[in-house]
Amino acid sequence: MVRRVLIETFGCQMNVADSELIQGILQDSGYQAAASLEDADVVLLNTCAVRERAEERIFGRLSNLVSWKRQRPGAQLGVAGCMAERMRHSVMERAPYVDFVIGPDSYRRLAEVLERSQTRPVTDVQLDRHEMYEGLTPVQTQNVCGWVTIQRGCDKFCTFCVVPFVRGRERAVGPAEVLRHVERLVARGVTTVTLLGQTVNSYLHEGVDFAELLKRVAAVEGIQRIRFTSPYPRDFTEELIDVIAAEEKVSKALHLPLQSGSDRVLGLMRRQHTVQEYRELVSKIRCRVEGCALSTDIIVGFPGETEEDYRATVGCIQEFRFDAAFLFNYSEREGTYAARKLVDDVSPQEKGRRLTELIAIQEEISRLAYEARIGTTQAVIVEGSTRRDETRMMGNTDDFKTTMFPGQGYRVGDLIEVKIVGATSHTLLGEPIRVLVPSAVPITLVDSLTEGISLGASAPAHG
Ligand code: SF4
């Protein structure tokens, strides 16, 4: 009998892409996507380890699934991804009803792990610095937007970050394989691809750097927009800025993690750039890339962060006026340099105060950035109907702002012109004017495949 799998994805966009890869591996091995929990024989949580809170949420979800497992003889429950790698054997110590734990470099063996774990618990978390999953075909889970992983792992070892420990060393997917994935997505109706890597712009494969790869992807016929995440500030080259500026298809929404506005804290984080270097980069990008919209990541309450350091971060948020920001409290991660050598000395209350204040400041900046679009016309790729109202549709502008509008007469995949008539701090409201480029491929395919993967989050892949 065919077994059905439900994948629940937590964490960043890299995990979303990995869930598509896992789904492809399982389909090739004869498994099907489950339409719901009730329909599933196997539930696999693809997990995140970047913050303690994310891991607690996953353990909460695992304990919720105990009753599902009890009601279904032969059902299997598994944990994949970064938390599986980080916690290894302790996942099963804490959640003994878990049947298998599989790390990010072991997915090729997933069918075998599923088979073996029918009789006894299995843990497979071997990191493999050569594993790029080349030659495999992920299942596409979104209509017009596709993910293409071009790089895995990270060599930067920022002192707060667990990624190099759970994803291994940096390695790049060859350009031919990247283009194969992009062309496959285009053939299925995808018009926006997001190139993914932990430090995506440090990409280098046999002399092809990220700027060159971006040009090659832009040359693929049928692609309308290319995004990438997350770049590492120090690896932003002049050539890359030139390609972003010159190539119409490359989105002008750029994510540029800052992490702290204090040089002292950036040094403790080993971020390899100062605030002034970051400032010069922002200024160069804004001068040369017309209409660019920047977003960032910030951590507050890093070990040793004083009020003065924190005020420097507030100053940067006010100075750089990001369109959007992912703001977090510092969360100590076992095994990192910061956990081993630095004292987590900012109290939870103080971290909370700093974060709350920073969010309020950023919300106001975002609101103004979104409101500034009112009265403009934007090119929007139609992605589907809104969750709450099927008569309204949504899509994204070139600078990656979610836009909602009355949807009659428009099809998923159409590139349309929209007049912006309203805004919140996270969404634009528009009136459609006309179709600029109609959808080239009728999009019906994805809906039947999406059910096996439910997406918990899609934060930027770390950078
Ligand atoms: S924060 Fe980004 S660059 Fe730094 S170690 Fe983590 S993944 Fe690498």
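These numbers were taken from a predicted model, which means no experiment stands behind them.

### Some remarks on the domain arrangement of the protein
Then comes step 1: Along its sequence, the protein is organised into domain 1 (4-130 + 446-455), domain 2 (145-369) and domain 3 (377-437).
Then comes step 2: Each of domain 1 and domain 3 has a C-alpha centre, and the two are 34 Å apart.

### Concerning the nonpolar core
Then comes step 1: Counting 119 residues, the largest nonpolar core has Val 5, Ile 22, Ile 150 and Leu 195 as its most contacted members.
Then comes step 2: Broken down by element, the residue count for this core peaks at seven residues, all from helix 1 (residues 13-28).
Then comes step 3: Residues contacting Ile 150, with those up to four places away along its chain left out, are Ala 172, Val 173, Val 178, Leu 195, Leu 196, Gly 197, Val 200, Tyr 203 and Leu 213.

### Quick look at the sheet that holds strand 13 (residues 225-229)
Strand pairs in the sheet, formed through backbone hydrogen bonds, run parallel or antiparallel to each other.
Then comes step 1: With parallel pairing, the three strands of this open sheet are ordered in space as 7-10-13. In the strand order of this sheet, the two ends are held by strand 7 (145-149) and strand 13, each with one partner. Going across the sheet, the axis of each strand differs from the next one's by a mean of 25 degrees, ignoring polarity.
Then comes step 2: Relative to strand 10 (residues 192-196), strand 7 is paired through five bridges, and the arrangement is parallel.

### A word on unusual backbone geometry
Then comes step 1: A cis geometry characterises the amide bond from Thr 229 onward to Ser 230, with omega recorded as -5 degrees.
Then comes step 2: Topologically, Ser 230 is positioned in the loop between strand 13 and helix 10 (238-246).
Then comes step 3: If you check the backbone angles, Arg 88 has positive phi at about 40 degrees while not being a glycine.
Then comes step 4: The topology assignment puts Arg 88 in the loop between helix 4 (82-87) and helix 5 (89-94).
Then comes step 5: The backbone phi angle of Phe 400 is positive, close to 60 degrees, even though this residue is not glycine.
Then comes step 6: Relative to the assigned elements, Phe 400 resides in the loop between strand 18 (392-396) and strand 19 (402-406).
Then comes step 7: By the C-beta count within 10 Å, which is 19 here, Phe 400 ends up partly exposed.

### Considerations on the sheet that holds strand 14 (residues 253-255)
Then comes step 1: Strand order across the open sheet formed by three strands is 14-15-16, with parallel pairing between neighbours. Each edge of the open sheet carries a strand with a single partner, namely strand 14 and strand 16 (324-329). Adjacent strand axes in the sheet meet at a mean angle of 15 degrees, parallel and antiparallel pairs treated alike.
Then comes step 2: Summarising the sheet, strand 14 and strand 15 (residues 293-300) pair through three bridges and their orientation is parallel. If you follow His 255 over to strand 15, its bridge partner there is Ser 295.
Then comes step 3: Against the sheet, helix 15 (residues 348-371) engages strand 15 and strand 16, with an angle of about 175 degrees to strand 16.

### A look at helix 13 (residues 307-320)
Because an α-helix packs 3.6 residues into every turn, residues spaced three or four apart end up facing the same way.
Then comes step 1: A rise of 1.5 Å per residue sets the reference length of helix 13, with its 14 residues, at 20 Å; its end C-alpha atoms lie 20 Å apart and thus fit the reference within 8%.
Then comes step 2: Among all positions of helix 13, only Asp 309, Tyr 310, Thr 313, Cys 316 and Phe 320 are buried. Viewed end-on, helix 13 has its buried residues packed into an arc of 110 degrees, placing them on one side of the element. Exposed and oriented more than 90 degrees from the buried face of helix 13 are Glu 307, Glu 308 and Glu 319.
Then comes step 3: Tucked into the core, helix 13 has its buried residues touching helix 11 (263-269), helix 12 (275-288), strand 15 and helix 15.
Then comes step 4: One or two residues past the end of helix 13 sits Arg 321, with phi positive at roughly 45 degrees.

### Remarks on the pairing of strand 3 (residues 42-47)
Then comes step 1: With six of six residues buried, strand 3 lies mostly within the body of the structure.
Then comes step 2: Of the two faces of strand 3, the one holding Val 42, Leu 44 and Asn 46 and the one holding Val 43, Leu 45 and Thr 47 are both buried throughout.
Then comes step 3: Pairing analysis gives five bridges linking strand 1 (residues 4-9) to strand 3, with the strands arranged parallel. Within the sheet, the bridge partner assigned to Glu 8 lies in strand 3 and is Leu 45.
Then comes step 4: Here six bridges tie strand 3 to strand 4 (residues 76-81), and the two strands are oriented parallel to one another. Within the sheet, the bridge partner assigned to Leu 45 lies in strand 4 and is Val 79.

Rules used throughout
Position numbers for residues start from 1 in each chain and track the written sequence from start to end. pLDDT decides what is reported in this predicted model: residues at 70 or higher carry local features, side-chain atom pairs at 80 or more are listed and counted, and totals for whole chains, interfaces and linings draw on all residues regardless. Domain borders in the structure are assigned automatically or taken from a domain database. Take the buried Ala, Val, Leu, Ile, Met, Phe, Trp, Tyr and Cys residues, join any whose C-beta atoms are within 7 Å, and the set you get is a nonpolar core. Each residue is classified by how many other C-beta atoms fall within 10 Å of its C-beta atom, where C-beta atoms are placed from the backbone; a count of 20 or more means buried, 12 or fewer means exposed, and values in between mean partly exposed. The way it works is that DSSP assigns letters per residue, a run of H or I at least four long becomes a helix, a run of E at least two long becomes a strand, and they are numbered from the N terminus. Each residue is represented by a C-beta atom placed from its backbone, and any two residues with such atoms within 7 Å are regarded as in contact. A pair of strands is labelled paired if DSSP reports no fewer than 2 bridges between them. Helix axes use the C-alpha atoms of the stretch in contact, all axes being lines fitted to C-alpha atoms, and the angles between their N-to-C directions lie in the range 0 to 180 degrees. Take the number of residues in a helix, subtract one, and multiply by 1.5 Å to get its expected span. This arc is built from the directions going out from the helix axis to the C-beta atoms.

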